[in-house]
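# Secondary and tertiary structure notes
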Amino acid sequence: MNPVILVWTLLLGAPIAGLLLQALARRLPLRAYLATVAATAVFLGVVTAAGMIGIRFVPVLANIWILATAYAAYAFLVFSIGRLPWPAMARYGALIVAALPIAHGYFMGSVGLLALMFVASEYVDPPRQTLRLNQNITCLLTEGGGLDTAYTLRLHHEWPLAPWLHRQTDTALVEEGRESQIAADCAELRDRQP
């Protein structure tokens with residue numbers, strides 16, 4: 001399946017999956033339901049923290065599925081706001097605010113589809129060039145990065161004990177016409193690491 005279409009499908013389907021899981025979880029006893037909500041919140045926190053520090057799976061499809069699962073987990077948590085022991089006005093207000101990212105996802109999946117395709121295709125397209133700078137550091141030249149640039153260099157640190165994971169440690173924008181100097185640019189990017 002085309003990864004861009006997969007992103008689109010999962011963007012539209014994840015909130016529905018979250019709602020269905022919420023309907024199933026509400027049938028659980030209260031203690032089991034609260035444990036499910038807590039486990040979902042921990043999962044979402046781990047995925048968010050990993051994304052913030054740049055840790056990703058090496059296969060792009062694995063990242064897409066993890067993000068879709070995290071999005072469904074977020075939707076599950078949003079729909080669980082209805083069971084909070086808060087006054088009705090506070091619950092409805094929290095539900096409206098928390099549902100805004102879901103509404104934005106549906107906007108991007110419909111009216112904003114062109115923008116979604118640009119963003120998703122930049123993410124899923126294979127790199128134009130890959131350089132291994134040493135045993136644990138790889139430099140990728142990818143498309144896009146901005147209106148005035150043609151390419152982006154992405155520096156990834158890999159772990160021998162977890163070869164399916166890597167951490168993006170730095171990025172740099174590359175002007176068009178500098179593709180032949182990628183090795184020097186990658187070495188400069190690596191050397192500016194703390």
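For the structure itself, look to the data block above.
Presented here is an overview of the structure given in this document. (Residues numbered from 1 in each chain as written. Predicted model: local features only at pLDDT ≥ 70, side-chain atom pairs only at ≥ 80, totals over all residues. Heavy atoms only, no water.)

Helix and strand counts for the chain come out as six helices and five strands. Starting at the N terminus and ending at the C terminus, the chain contains elements arranged as α-α-β-α-α-α-β-β-β-β-α. Among the 194 residues that make up the chain, the fraction classed as buried is 34%. Within the chain, contacts between residues at least 6 apart in sequence are counted, and of these 54% link residues at least 24 apart. A total accessible area of about 11700 Å² is found for the chain, and carbon and sulfur atoms account for 69% of it. With 13 positive and 12 negative side-chain charges, the chain shows a separation of 22 Å between the mean positions of the two kinds. (Helix = DSSP H or I, 4+ residues; strand = E, 2+ residues; numbered from the N terminus. Buried < 20%, exposed > 50% of the residue type's maximum accessible area, 1.4 Å probe, protein only. Contact = heavy atoms within 4.5 Å. Areas by Shrake-Rupley, 256 points an atom, 1.4 Å probe, with all protein chains shown as cover. Lys, Arg positive; Asp, Glu negative; His and termini not counted. Charge placed at Lys NZ, Arg CZ, Asp CG, Glu CD.)

This model, assessed by the stated rule, comprises one disulfide. For Cys139, the disulfide goes to Cys186, at an S-S distance of 2.0 Å. Where Cys139 bonds to Cys186 through sulfur, the torsion about that S-S bond is close to -75 degrees, and the disulfide is left-handed. Of this pair, Cys139 sits in strand E3 (residues 137-143) while Cys186 sits in helix H6 (residues 182-191), placing them 47 residues apart in sequence. When sorted by exposure, Cys139 lands in the same class as Cys186, which is buried. (Disulfide = S-S within 2.5 Å.)

Within the fold, Glu143 resides in strand E3. Remark: the alpha-carbon pair of Glu143 and Phe107, spanning 36 residues in sequence, is separated by 25 Å.

All told, the structure shown has zero aromatic pairs when counted by the stated rule. Taking NZ or CZ as reference, Arg83 lies 4.2 Å from the ring centre of Tyr33, over its face. (Phe/Tyr/Trp six-rings, centres within 6.5 Å; stacked < 30°, edge-to-face > 60°. Lys NZ or Arg CZ within 6 Å of the ring centre and 35° of its normal.)

Function cannot be read off these values alone, since they describe shape.
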